[in-house]
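Structural overview
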Amino acid sequence: MPWHEQIGRSLVVAKKDVWIYYLKGPVIIFGLIFPLFLLIAFTIGRNISARELFPGVMGMAIFFTSTAVGPAILPWEARSRTLERLVCSPVSVWALFLGDVLASFFFGLLISLAPLIVLLELGVEIQNILVFGVGMILATFCFASLSILLSVYPPTDVPATVMMLSSLVRFPLVFISGVFLPVEELPPWGRAISSVSPLTYFIDLARYSITGTSYYSISLDLAVLLFFAIAFLLVSIKLHERFLPQRLS
Amino acid sequence: MNAIEVLALTKRFNGLTAVDHISFGVEVGEVFGFLGPNGSGKSTTIKMLTGVIRPDEGKAVIMGHDMQREPLKAKQMIGVVPETSNAYIELSAWNNLMLMGELYGVPKKRREEQAERLLKQFGLHERRDSHARGFSKGMKQRLILCMALINEPSVLFLDEPTSGLDVESTRLINDIIRDLNKSGTTVFLTTHDMMEANQLCERIAIINRSKIVAIDRPEVLKRMASGLQSVEVSFQQVVKAEALSAFARVRQVEKRGDRLRIYAEDVDGTIDCIISFANANGLKILSLNTIAPSLEDIFVILTQKERPETNHALA
């Protein structure tokens, strides 16, 4: 079966995810309410401009929203016994999970537009729209792939378990990614740790698109985001293939 | 070409063999029953045949496509009704069908026509826009069957399709299975209902302890237990079971209500003996019937034997 037909079926899977999972409780809590309160806590009471807040706010918004849908899908499908139906339909495992990634991607992109519009309304000017746009799309896809990876283990059918465990990974990533402090102001060990987080490179890009300066080169930021996006996607597909029989048994 | 070809299919879980080198073929257009007690390997087999899990050994070929080598082509040919209800309860009946149609690559016009036809056929058309969440178990099962048929499959796998359903839904589903079979669809059916298997299936395989212990036409399987043939008689007067036990070649006499069931190796001879006995004792016979062993009898015998080799005694 040609690969483009499978891409088409990925989009069908994504459409199904949009219909079913966007309004699920855990997605609303972890993808909307929680980041909203985190953003409020991050912005209120700090004597800094919207321009300075821009990289951190956009980084957190994109990161939390694009990782909200993915972890919920698979355990939910397993619990409602719809996963078995999907697996016995003529859709490749990679196309199935690409569909889930796309659903997470669209959710992240759509919801992140809200803080972006607010910040633009507050007078923030994006100097390099192309860099920011490409960076935002890459980062959203990268985090959406990460969210599918986060639902690999344990192969449970309890959505709350996966959401909780995924939060254990998501929160530390935010704290080490230069959201609260620019990378250049971190000590050497802090810079070393932050370099393993893909969020660091998006925040660096966002900062560049506003101020014209960045810690890493723009091409490096984009290349690392692309690398993480592909790596997360491939590793999550491989691991899901491995654990799928356990989830279905 | 067989619709389903299974060769030495084997699956192990944590060192336990769930399915052990089973082989069989299902002809195109056949209704094939797959029976077995709980834990015998039925569901594992159907999961391997539908590509849900991979076998450790052996292969399954669906309409000429190896499920391991060409899974997408093989899956494109099948429709599946899994054991547990699994329509998307958040979606309407119509959207469930559209989703399945799209997953199978059915063109929009064709899937809309199919959905209309199936919803009418299964008595769900009036509820086409209702969410499946509010459907009864019977309605959900009918919807799942519609979903399995949206791609007009060549082979339909049904895992306990009528388990726990009301009489109306059961009858509707069984009638539709017969209609599908008439139109050439191959049906692979697992069921616990012996009556259903007897009425629907052209051949039956019985799996027990991970291995197939019998595979044949229902009537041939019943003949495997010729020793279970019996005569049931009812007299106007009360007659004790012991009085009939003395007949030649009678194995056992059971009292069942006001009737006596006599298990014998020679049924004809036993009938002669009963008539002679009644005449000699001035008894009036109210009813006299020969009882053939049921498929259920065969199933119980085959699945309760401790060792497979003891099955030969039945033949």
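Keep in mind the model is a prediction, meaning the values are calculated, not measured.

Our next topic: the overall build of chain B. Broken down by element type, chain B carries 11 helices and 14 strands. Projected onto the principal axes, the alpha-carbon positions of chain B cover approximately 80 × 45 × 35 Å. As presented, chain B carries roughly 14,600 Å² of accessible surface, and 48% of it is formed by carbon and sulfur atoms. Here chain B contributes 40 positive and 40 negative side-chain charges, whose respective centroids are spaced 2 Å apart.

The subject of this paragraph is the nonpolar core. The biggest cluster of nonpolar side chains holds 67 residues, and the ones touching the most others in it are Leu-97, Leu-103, Phe-122, Leu-124, Leu-143, Leu-145 and Leu-158 of chain B. The element contributing the most residues to this core is helix H5 (residues 137-149) of chain B, with eight residues. Ignoring anything within four residues of it in the chain, the contact list for Leu-124 of chain B reads Leu-119, Phe-135, Met-139, Arg-142, Leu-143 and Cys-146 of chain B. Listed in part, the 46 residues of the second largest apolar core include Ala-50, Ile-62, Leu-138 and Leu-146 of chain A.

At the junction of the two partners, chain A supplies 27 residues and chain B supplies 29 residues. Both faces combined, the contact of chain A with chain B buries some 2,600 Å², and carbon together with sulfur accounts for 64% of it. At the boundary of chain A with chain B, the tally comes to two salt bridges. For Lys-15 of chain A, the salt bridge identified is with Glu-102 of chain B, shortest N-O distance 2.7 Å. Our count for the contact surface shared by chain A and chain B stands at nine residue pairs in polar contact (both at pLDDT 80 or more). Elements that contribute at least two residues to the side of chain A that touches chain B include exactly helix H1 (3-21), helix H5 (83-87) and helix H11 (218-248) of chain A. Along the lines of polarity and charge, the residues of the side of chain A that touches chain B split into 13 nonpolar, six polar and eight charged.

Here we come to the environment of Leu-283 of chain B. Residues and elements named next belong to chain B. Mapped onto the elements, Leu-283 comes out in the loop between helix H10 (267-281) and strand S14 (285-291). Each C-alpha atom, one on Leu-283 and one on Pro-218, is 38 Å from the other, the two residues being 65 residues apart in sequence. Those residues in contact with Leu-283, other than ones at most four positions away along the chain, are Phe-235, Gln-237, Val-239, Phe-277 and Ala-278.

Summing up the model confidence of chain A, the mean pLDDT is 90 and the portion of residues at 70 or higher is 100%. Per-element confidence in chain A is highest for helix H7 (residues 129-150) of chain A, whose mean pLDDT is 95, and lowest for helix H2 (residues 25-43) of chain A, whose mean pLDDT is 82.

Residues and elements named next belong to chain B. A sheet is described by the order of its strands in space; here four strands give the open sequence S12-S13-S11-S14, paired in antiparallel fashion. A single partner strand is all that each edge strand has here, and the edge strands are strand S12 (250-256) and S14. Across this sheet, the average inter-strand angle for adjacent strands is 20 degrees, counted without regard to direction. Examined bridge by bridge, strand S11 (residues 230-235) and S14 share six bridges and lie antiparallel to one another. What sits directly across from Phe-235, in S14, is Ile-285.

Thresholds, definitions, all that
- Residues numbered from 1 in each chain as written.
- Chains lettered and ligands numbered in written order.
- Predicted model: local features only at pLDDT ≥ 70, side-chain atom pairs only at ≥ 80, totals over all residues.
- Heavy atoms only, no water.
- Helix = DSSP H or I, 4+ residues; strand = E, 2+ residues; numbered from the N terminus.
- Areas by Shrake-Rupley, 256 points an atom, 1.4 Å probe, with all protein chains shown as cover.
- Lys, Arg positive; Asp, Glu negative; His and termini not counted.
- Charge placed at Lys NZ, Arg CZ, Asp CG, Glu CD.
- Core = buried A, V, L, I, M, F, W, Y, C linked by side-chain atoms within 4.5 Å.
- Buried < 20%, exposed > 50% of the residue type's maximum accessible area, 1.4 Å probe, protein only.
- Contact = heavy atoms within 4.5 Å.
- Buried area = accessible area lost by both parts, 1.4 Å probe.
- Salt bridge = Lys/Arg side-chain N within 4 Å of Asp/Glu carboxyl O.
- Polar contact = N/O pair within 3.5 Å; in protein donor to acceptor, adjacent residues only side chain to side chain.
- Nonpolar A, V, L, I, M, F, W, Y, C, P; charged D, E, K, R; others polar.
- pLDDT = per-residue confidence, 0-100.
- Pairing = 2+ DSSP bridges.
- Axes fitted to C-alpha atoms, helices over the stretch in contact; angles between N-to-C directions.

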